[in-house]
Amino acid sequence: MIPLKLEADRLFSPEPGQRALARALYATVEDLPIVSPHGHTDPQWFADDEPFSDASSLLITPDHYVFRMLYSQGVRLEGLGIARHDGGAIERDARKIWHTFAGHYPLFRGTPTRIWLDHAFHEVFGIRERLTSESADRLFDHINACLASPEFRPRALFERFNIEVIATTESPLDPLAHHAKIRASGWKGRVVTAYRPDPVVDPEFDGFAANVAKLGELTGENTDTWRGYLAAHLRRRAFFKTMGATSTDHGHPTALTCDLATRECEALFAKALKGAASPAEAETFRGQMLTEMARISLEDGLVMQIHPGSFRNHNTEILRLFGRDKGADIPTRTDYVRALKPLLERFGNERGLTVILFTLDESVYARELAPLAGHYPVLKLGPPWWFHDSPEGMLRFREQATETAGFYNTVGFNDDTRAFLSIPARHDVARRIDCRFLARLVAEHRIGEDEAYELAPELAYGLAKKAYRL
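Residues numbered from 1 in each chain as written. Predicted model: local features only at pLDDT ≥ 70, side-chain atom pairs only at ≥ 80, totals over all residues. Heavy atoms only, no water.

Engineer: Looking at this model, I keep getting lost on the nonpolar core. Mind explaining?
Structural biologist: Side chains that are nonpolar tend, in soluble globular proteins, to be buried together. In terms of nonpolar packing, the biggest core is built from 51 residues, with Trp98, Phe101, Phe121, Phe125, Phe420 and Leu421 touching the most fellow members. Per-element accounting of this core gives the leading share, six residues, to helix 7 (residues 136-147). When residues no more than four places from it in sequence are discounted, the contact partners of leucine 421 are Leu58, Leu59, Ala120, Val124, Phe125, Leu157 and Phe161. (Core = buried A, V, L, I, M, F, W, Y, C linked by side-chain atoms within 4.5 Å. Buried < 20%, exposed > 50% of the residue type's maximum accessible area, 1.4 Å probe, protein only. Helix = DSSP H or I, 4+ residues; strand = E, 2+ residues; numbered from the N terminus. Contact = heavy atoms within 4.5 Å.)

Engineer: Explain the environment of glutamine 44 to me, please; I cannot follow it from the model alone.
Structural biologist: Position of glutamine 44 relative to the elements: it lies in helix 2 (residues 43-48). Separated by 79 residues in sequence, glutamine 44 and glutamate 123 place their C-alpha atoms 24 Å apart. Dropping the residues within four chain positions of it, glutamine 44 is found in contact with Asp49 and His178.

Engineer: Whenever I open this one, the pairing of strand 4 (residues 247-250) confuses me. Can you help?
Structural biologist: The side chains of a regular strand alternate between the sheet's two faces. Burial along strand 4 is two-sided: the residues Ser247 and Asp249 and Thr248 and His250 are all buried. Direction of pairing for strand 4 relative to strand 5 (residues 303-306): parallel, over a ladder of four bridges. In the strand pairing of strand 5, aspartate 249 is matched with glutamine 305. (Pairing = 2+ DSSP bridges.)

Engineer: I keep staring at the sheet that holds strand 9 (residues 379-381) and nothing clicks. Help me out?
Structural biologist: Backbone hydrogen bonds are what pair the strands of a sheet, in a parallel or an antiparallel way. Within the open sheet, the four strands sit side by side as 4-5-8-9. Their pairing is parallel. At either end of the open sheet lies a strand with only one pairing partner, and these are strand 4 and strand 9. Strand after strand, the sheet turns through a mean of 25° between neighbouring axes, direction not considered. Strand contacts of helix 14 (residues 279-300): strand 4 and strand 5, with the helix running at about 160° to strand 5, the strand carrying the most contacts. Across the sheet, helix 17 (residues 365-373) touches strand 8 (355-357) and strand 9, and the angle it forms with strand 9 is around 130°. (Axes fitted to C-alpha atoms, helices over the stretch in contact; angles between N-to-C directions.)

This is how it looks when you write it as structure tokens:
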């Protein structure tokens, strides 16, 4: 048996003085409640509160961080239980899937995924041996036994993780029935939704015209017209607010924004509905909709998040066989200075609007994002996202953004995950890295120790609550 141990000083500086201060700072934030203002957990888990079925369906099959790495080393997605569009054969034996995963566990050495999984094994399931081919059956049986007990149902874990609030992310076409069920149940856990309009603002999204028509049916607005289409968004957002929404989220290929005249918008919208928009026109329409969403946010108070810069579904064969979001999304270079100019010309000086910017292009931290957020009242910087949600990624962000944007133009941490059990691990990593960074600033006499103790809880908890109006 190879022991699994989580070192108390993990991720802190090896320099003794900085490590000691980071440890002391961390002790003040370790047990703060988790505010998870943006993510993709399934609200049905909390609505139905049914037991998770087994280790593989919980930790492997739904987690693209896991199966993209295995796929890169030749493991077929079918062998991990990933459903095919054509109904083709897939592996359904959860133990066999687990053995495939265990046999490839060394692939995750040095990755944040390994940190998150080991944290879940150790802290959530009480496991004290490393996952290997030899230990696979013991761990599988232990995890499954845990999942069968009431203490490991979704609501119990939510409370055990000390989650104060968690936001899921839904399409405007979602009836939000699970959120309604949570509210009707009387359970005190706070699960809110967020408005993600991609299916009805992206002319290149599958079924765009049909989606817009359904939006009209749901809202009673005539979405064949530009005016009715915008009114439908306003109505749907109001409904999302009744289910706790405080934010919107926009996953566009770029950060382009536009500010067209009404007549141009009407013509472009009509073209998009007919499926006749060129790629450039589709991009212009998406850019116009970011500006429209900012305008509406100024009216209804929803915080706006922009998550651009992912070349989604890069692997066409995987998209064809398995569908979207199967680990084949790749970061791209992203311009913010010119792309956001039309939106900022309209709304950049507003104090009543918050736009949170994310990036997958780390080259823009110091050159574009920090200077923008360090000037425009409307802008805040989201934490390192997706591929950069890692110890090194968090340090790079703090080092490059803080000198221009400071700490208070950032929004703390959000985990942005579908993997429920990774949430406490991800927040723990962020808290440790922020304490490490603060300890370094104190050691370099750039801030006082008292200031570090003030900042640590803000970065771990306060900034996210404030920015997302939670």
